[in-house]
Amino acid sequence: MQADCQILWNKCLEIIKDNVSEEQYTTWFLPIIPHSLNEKKEFRALVPSNFFGEYIEANFQKLLTAVIRRVMGQDVSLIYRVATVGDMKDESTTVEQRSEPSMNAIPKQPYAPNVFEQKRAIQDWDSYLNPRYSFENYFEGESNKVVRAASEAIAQNPGKTAFNPMFIFGASGVGKTHLCHAIGNRIQELHPDKKVLYISAHLFSTQFTDAVRKNNINEFLYFYQSIDVLLLDDVQEFIGKDKTQNTFFHIFNHLHLLNKQIVLTSDKPPVELQGMEERFFTRLKWGLISELERPDLDLRKKILKNKMNHEGIIMPEEAFNFIANNVTENVRDLEGILVSLMANSLVNNREIDMPLTKRIVSLAVHLEKKQLSVQSIQETVCKYFNLEQAAIQTNSRKREIVQARQITMFLAKKYTDCSFAHIGKIVGKKDHATVLHACKTIKDQMETNKSFRTSVEEIESLLKN
């Protein structure tokens, strides 16, 4: 099968070579690896990186599709994705099916594994981990130091630390999924006898639904209760799914009772997971609940340097610092900016300079909100409400003071990189939970009270001026 696929691809390359420049042929087509051509008339190809696939899709999609259908048949569809070690060793790896290539649609992980066909022997076990995500390329900063340290401790002694379960929460793109894979990969390296499984909550729900429909619920439970390390991503997907929650609750209890390691992630802290059973939150308190915060400046610089070295990107120091200082929300934004810069540089045959960098960054982020501090926000809020700053530093429960204090905390979390704990320390020496409660209170009030929302928006306008 592989040999036949290679022969067909070589015929495609002969045609492609006559239709593109030699440089384009060498750069963009020779690195493509033919993977398989199955009975469904799906031609699967592997590309070296996300950027590589995005560039091909933008510039050569019509050519590729036409050539493949000419050589392999009009009913053949093209499917491609980023190559991994697993792709090279297992032809059955599932990828997203589509009639035309679309790198934007590459899923975060493969479709749900068929748990009832999964072989029980450890040498045949597939953990569905991405080997590219490791602790070595998960850089440490003040914003992730605690979570990273706990994760490495778990990897050393899964199920035998105080961090079981570990619940990690944070905004999209801050590295929760990377950390899950890093934990799993390190455990497999140090403890090859452990059965490790990474899966999203969405795919867990899909598997559970299939098991119920096919009357395989006992096999489903047996499979999950046999796991040594369960890495469950995006647990907020369980909200509103009572039967799935109940089943997971029993699996959770079984694994925890046997000292099996459980790691859960969510884009929200437990207090905001409305629709989840209370007993679920009780179990979380047995272990560690920790926030993965937005990357701080030093961490953003480390990530940028690593990505630039990996992709061979060169830019002036001024442009580098501009990106690091202004793209602050998450790692995914940083990567997206670099991809956009690289694409513009290649397509327009120009070096990455400051004007290009400013233009690309301005399309992705609001530059005006990146130079605020907790102190400056506190000053603006107090001035708006005609209060002395010392007032919100007290323990006063007067309504106007409590409101000003909570608005300060809410805007500080929205407009700075500071953690809940750091904001609380500055604003009245409050703890993490108080700031979290304040943010939720202000958000709820803005959704239901138009006058209050107007006041907060007016303060925001003052902050931007």
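Residues numbered from 1 in each chain as written. Predicted model: local features only at pLDDT ≥ 70, side-chain atom pairs only at ≥ 80, totals over all residues. Heavy atoms only, no water.

**Some points on helix α7 (residues 201-213)**
Between its first and last C-alpha atoms α7 spans 18 Å; for 13 residues at 1.5 Å apiece the expected length is 18 Å, and the two agree. The secondary structure elements touched by the buried residues of α7 are β5 (196-200), α8 (217-225), β6 (229-233) and α9 (242-257). (Helix = DSSP H or I, 4+ residues; strand = E, 2+ residues; numbered from the N terminus. Expected span 1.5 Å × (residues − 1). Contact = heavy atoms within 4.5 Å.)

**Section: the environment of Lys145**
Residue placement: Lys145 occurs in helix α5 (residues 145-156). Since its relative accessible area comes to 35%, Lys145 is described here as partly exposed. Once the C-alpha coordinates of Lys145 and Glu293 are considered, the two residues, 148 residues apart in sequence, prove to be 9.8 Å apart. (Buried < 20%, exposed > 50% of the residue type's maximum accessible area, 1.4 Å probe, protein only.)

**Section: the pairing of strand β1 (residues 33-37)**
Where burial is concerned, most of β1 is hidden: four out of the five residues are buried. Of the strand pairs in this sheet, β1 and strand β2 (residues 42-47) are connected by four bridges, and their pairing is antiparallel. If you follow Leu37 over to β2, its bridge partner there is Phe43. Between β1 and β2, which follow one another and run antiparallel, lie four residues, and Lys41 among them has a positive phi close to 65°. (Pairing = 2+ DSSP bridges.)

**Details of unusual backbone geometry**
Look at the link from Asn164 to Pro165: it is a cis peptide, with omega at 5°. On the secondary structure map, Pro165 appears in the loop between α5 and β4 (166-169). Phi is positive for Asp234, close to 60°, though the residue is something other than glycine. Locating Asp234 in the fold gives a position in the loop between β6 and α9. Backbone geometry at Asn259 places phi at a positive 60°, although glycine is not the residue there. Inspection of the secondary structure puts Asn259 in the loop between α9 and β7 (261-266).

**As for the packing of aromatic side chains**
Summed over all chains, the structure comprises 15 aromatic pairs. Judged by centre distance (5.9 Å) and plane angle (25°), the ring pair of Trp9 and Phe43 falls under stacked. One end of the pair, Trp9, is in helix α1 (residues 2-17); the other, Phe43, is in strand β2, with 34 residues separating them in the sequence. We note that Trp9, like Phe43, is buried. (Phe/Tyr/Trp six-rings, centres within 6.5 Å; stacked < 30°, edge-to-face > 60°.)

**A closer look at the sheet that holds β2**
Through backbone hydrogen bonds, the strands of a sheet pair up, either in parallel or in antiparallel fashion. Here three strands make up an open sheet; going across it, the order is β1-β2-β3 and the pairing mixed. Whereas interior strands pair on both sides, the edge strands pair on one side only; in this sheet they are β1 and β3 (77-82). Here the strands of the sheet are splayed against their neighbours by 25° on average, with no regard to which way each runs. Note: β2 against β3, six bridges, orientation parallel. Opposite Glu42, over in β3, you have Ser77 as the bridge partner. (Axes fitted to C-alpha atoms, helices over the stretch in contact; angles between N-to-C directions.)

It is worth stressing that arrangement in space is one thing and function is another; only the former is reported here.
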